[in-house]
Amino acid sequence: MKKVVMKFGGTSVGTGENIRQVASIVTQYSKEYKITVVVSALAGVTNKLLEIACQAKKGDEKLVKDFTNELLQKHKEAVESAIVSKPLQKKVNQRIEEIIAELGKILTGICYVGELTPKSKDYVVSFGERLSAPIVWGAIQNNNLETQCFTGKEAGIVTDSNFGEADPLMDFTVHLVRERLEPLLEKGVIPVVTGFIAANQDGIVTTVGRGGSDYTATILGVALEVDEVWIWTDVDGIMTTDPKLVTTAKLLPQLSYQEAAEMAIFGAKAMHPRALGPVSKETIPVRIRNTFHPENVGTLITKEPVADAKQVVKAVAMIKNVAMLNVNGAAMVGAPGSYTKVFEILGRNNINIMMISAAASEANISMIIKRDMVSRAISNIEIALSGLGGLVSEVTVEEDVAVVAVIGAYMKGNLGLASKVFAIVAKKGINIHMIAQGSSELNISFVVKEKDGIEVIKAIHEEFSLDKA
Ligand code: ADP
Ligand code: ASP
Ligand code: MG
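Okay, so let's go over this structure. Not measured: the values here are computed from a predicted model.

Thoughts on the site of ligand 1
At step 1: Around ligand 1 lies a shell of 19 residues, among which Thr233, Asp234, Met239, Asp242 and Lys244 are the nearest.
At step 2: Here an oxygen atom of ligand 1 and a side-chain polar atom of Thr233 are 2.7 Å apart.
At step 3: The side chain of Asp242 places a nitrogen or oxygen atom 2.8 Å from an oxygen atom of ligand 1.
At step 4: For ligand 1, whose accessible area on its own is 570 Å², the fraction buried by protein is 90%.

This is the structure we're talking about:
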């Protein structure tokens with residue numbers, strides 16, 4: 001029997017009814033495949049957990065109490081419509097009550113100490129998946145299949161201690177996951193594993209980054225040597241652009257790992273940016289499919305896309321919630337290692353640089369970072385300024401920007417493509433604030449004001465006839 005990992009995203013498990021649909025997909029495919037299920041938190045729950053963690057830090061105990069009550073209500077409602085059997089409902093509800101009681105204690109603790117570290121933040125957000133997994137487990141069990149529920153930690157996923165964006169220690173993880181899950185698969189049991197959350201070597205809870213359940217799925221896929229990883233979501237697959245922004249977006253039936261990763265990095269939420277790393281090494285195919293239209297084929301991601309998928313420009317994407325950081329200093333001109341010093345400060349403070357552009361005059365470097373990292377970036381560069389020996393004279397920020405990326409593996413060496421892209425933007429009278437093209441030439445990316453982003457995306461989508469793909 002073939003093996004697959006199936007990951008169901010937040011909207012796929014957003015309500016009890018949707019969870020029933022998930023259970024019915026699993027039940028249907030369990031006749032042909034040995035399945036490992038990975039689940040996200042119920043849609044919106046992770047965001048809410050992040051918000052309440054910040055509120056708790058301010059000491060608002062009443063808010064915490066209201067929040068945990070609401071959360072309990074929401075999950076109990078999901079249980080009621082996802083699971084028919086009353087005894088099973090009771091069992092799952094009990095589990096949910098225990099988990100929420102634990103969450104209440106943690107949040108109250110944060111209220112008292114008034115401190116939220118990256119470590120405690122990961123612990124708080126881990127509750128979203130800890131709460132959804134038992135419901136999915138119950139719904140599958142309800143269909144008379146044998147199933148067992150695990151957290152990422154219990155399944156054996158061990159990461160580094162980079163809280164919030166942890167990466168797996170792959171060799172150790174492969175060893176543990178095989179030891180724990182393989183015997184169950186052999187016996188026909190379906191493991192249901194929480195996405196997004198894992199633990200470091202000391203057993204402390206970590207998370208692998210927002211949207212990280214995709215990553216959990218590919219990590220498990222590699223560990224269990226599956227035939228394919230299926231990512232079930234709320235759209236038909238990866239499309240020429242975000243279908244929620246441009247209604248004429250078309251499905252891309254095949255993509256290479258490189259193209260899909262590029263799209264993920266540049267904002268196609270359909271996939272976590274690091275998720276393709278593990279599977280591309282082992283060449284395990286990934287399919288993106290629609291939970292609500294399982295009859296559709298979806299997008300197949302493999303090493304080499306088929307010939308007719310070799311279109312030059314394949315997609316256009318936008319990253320929002322970013323900011324442009326400009327580091328200026330006449331003294332940087334001709335000073336060896338000046339860039340390195342700035343990058344080192346950002347790296348040391350776990351600030352990821354998403355895009356860089358430096359003028360030949362060397363008096364300025366512009367970098368794109370996540371918007372929520374701006375304060376950390378500026379303050380740390382300022383603190384280090386004295387140590388930079390007058391190298392940097394000024395740090396400025398533009399917060400209302402977005403990155404637009406035009407993506408396709410066959411753009412390489414295609415003369416005139418960049419000028420065509422920029423001409424489209426110019427025709428709209430929109431100003432470009434920064435440009436970057438990596439040497440891989442898989443994408444051309446540039447920065448515009450966020451308010452202009454959608455107009456640019458629509459114009460490029462149309463001019464490159466992506467709506468007719
Ligand atoms: P899930 O909860 O299943 O993980 P996500 O919200 O993370 O789902 O990702 C799916 C969403 O990604 C879609 O609803 C869609 O709006 C958005 N998206 C952005 N760009 C693209 C794209 N190019 N193709 C498909 N979906 C995209
Ligand atoms: N629940 C997590 C998030 O919202 C992980 C995921 O959904 O993939 O980021
Ligand atoms: Mg996602």
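Considerations on the side chain of Thr147
At step 1: Its location among the elements puts Thr147 in strand E3 (residues 147-150).
At step 2: Here Ile190 takes part through its backbone oxygen, which lies 2.8 Å from a polar atom of the side chain of Thr147.

Examining the site of ligand 2
At step 1: As a structural note, the neighbourhood of ligand 2 is formed by Ser40, Ala41, Thr46, Glu129, Phe196, Arg210, Gly211, Gly212 and Ser213.
At step 2: Here an oxygen atom of ligand 2 sits 2.6 Å away from a polar atom, N or O, in the side chain of Arg210.
At step 3: Here the shell around ligand 2 is built from residues that sort into two nonpolar, five polar and two charged.

Concerning the sheet that holds strand E13 (residues 355-358)
At step 1: Pairing is antiparallel across the open sheet formed by six strands, whose spatial order is E13-E14-E12-E15-E17-E16. Of all strands in the sheet, those with a lone pairing partner are E13 and strand E16 (434-437), marking the two edges. Across this sheet, the average inter-strand angle for adjacent strands is 30 degrees, counted without regard to direction.
At step 2: When E13 meets strand E14 (residues 364-370), the two strands line up antiparallel, connected through four bridges.

Brief notes about the state of the cysteines
At step 1: For the structure on display, the rule yields zero disulfides.
At step 2: In this structure Cys54 is not part of a disulfide, and its nearest cysteine sulfur, from Cys111, lies 12 Å away.
At step 3: Since its relative accessible area comes to 37%, Cys54 is described here as partly exposed.

Thoughts on a positive patch on the surface
At step 1: A cluster of basic residues, Lys57, Lys58, Lys121 and Arg376, forms a positive patch at the surface.
At step 2: With respect to the helices, strands and loops of the structure, Lys121 is situated in helix H5 (residues 118-125).
At step 3: According to the relative accessible area criterion, Lys121 is partly exposed, its value standing at 34%.

Considerations on the packing of aromatic side chains
At step 1: Taken as a whole and judged by the stated rule, the model has eight aromatic pairs.
At step 2: Geometrically, the ring pair formed by Tyr29 and Trp232 is tilted, given 6.3 Å between the ring centres and 50 degrees between the ring planes. Separated by 203 residues along the polypeptide, Tyr29 in helix H1 (residues 16-29) and Trp232 in strand E8 (residues 228-233) bring together distant segments of the chain.
At step 3: Under the relative-accessibility criterion, Trp232 is labelled buried at 0%.
At step 4: Ring geometry for Tyr33 against Trp230: centres 5.3 Å apart, planes inclined by 70 degrees, an arrangement best described as edge-to-face. Separated by 197 residues along the polypeptide, Tyr33 in strand E2 (residues 33-39) and Trp230 in strand E8 bring together distant segments of the chain.

What to know about the pairing of E8
At step 1: Of all the six residues making up E8, six are buried; the element is thus mostly covered by neighbouring parts of the structure.
At step 2: Residues Glu228, Trp230 and Trp232 point to one face of E8 and Val229, Ile231 and Thr233 to the other, with burial holding for every one of them.
At step 3: Direction of pairing for strand E1 (residues 2-8) relative to E8: parallel, over a ladder of five bridges. Across the sheet, residue Met6 finds its bridge partner in E8, namely Trp230.
At step 4: Pairing analysis gives five bridges linking E8 to strand E10 (residues 286-290), with the strands arranged parallel. When the sheet's bridge partners are listed, Trp232 is paired in E10 with Arg289.

Some details on the sheet that holds strand E6 (residues 197-200)
At step 1: Read from one edge of the open sheet, three strands run E4-E6-E7, paired in mixed fashion. At either margin of the open sheet sits one strand with a lone partner, and together these are strand E4 (158-159) and strand E7 (205-207).
At step 2: Sheet topology places E4 next to E6; two bridges connect them, and they run parallel. Paired with Val158 across the two strands is Ala199, which belongs to E6.

Details of the pairing of E16
At step 1: Along E16, the buried face is formed by Met434 and Ala436; none of Ile435 and Gln437, which line the opposite face, is buried.
At step 2: Bridge count between E16 and strand E17 (residues 443-449): four bridges; the pairing is antiparallel. Along E17, the bridge assignment pairs Ile435 with Phe446.

Structural notes on helix H12 (residues 338-348)
At step 1: Every buried residue of H12 is accounted for by Ser338, Val342, Ile345 and Leu346. Seen from one end, H12 has its buried residues packed into an arc of 95 degrees, which puts them on one side.

Parameters at a glance
- Residues numbered from 1 in each chain as written.
- Chains lettered and ligands numbered in written order.
- Predicted model: local features only at pLDDT ≥ 70, side-chain atom pairs only at ≥ 80, totals over all residues.
- Heavy atoms only, no water.
- Near = heavy atom within 4 Å.
- Polar contact = N/O pair within 3.5 Å; in protein donor to acceptor, adjacent residues only side chain to side chain.
- Areas by Shrake-Rupley, 256 points an atom, 1.4 Å probe, with all protein chains shown as cover.
- Helix = DSSP H or I, 4+ residues; strand = E, 2+ residues; numbered from the N terminus.
- Nonpolar A, V, L, I, M, F, W, Y, C, P; charged D, E, K, R; others polar.
- Pairing = 2+ DSSP bridges.
- Axes fitted to C-alpha atoms, helices over the stretch in contact; angles between N-to-C directions.
- Disulfide = S-S within 2.5 Å.
- Buried < 20%, exposed > 50% of the residue type's maximum accessible area, 1.4 Å probe, protein only.
- Patch = residues over 30% accessible without salt bridge, like charges linked within 9 Å, V, L, I, M, F, W, Y side chains within 5 Å.
- Salt bridge = Lys/Arg side-chain N within 4 Å of Asp/Glu carboxyl O.
- Lys, Arg positive; Asp, Glu negative; His and termini not counted.
- Charge placed at Lys NZ, Arg CZ, Asp CG, Glu CD.
- Phe/Tyr/Trp six-rings, centres within 6.5 Å; stacked < 30°, edge-to-face > 60°.
- Arc of directions from axis to C-beta.

Just distances and angles here, no functional claims.
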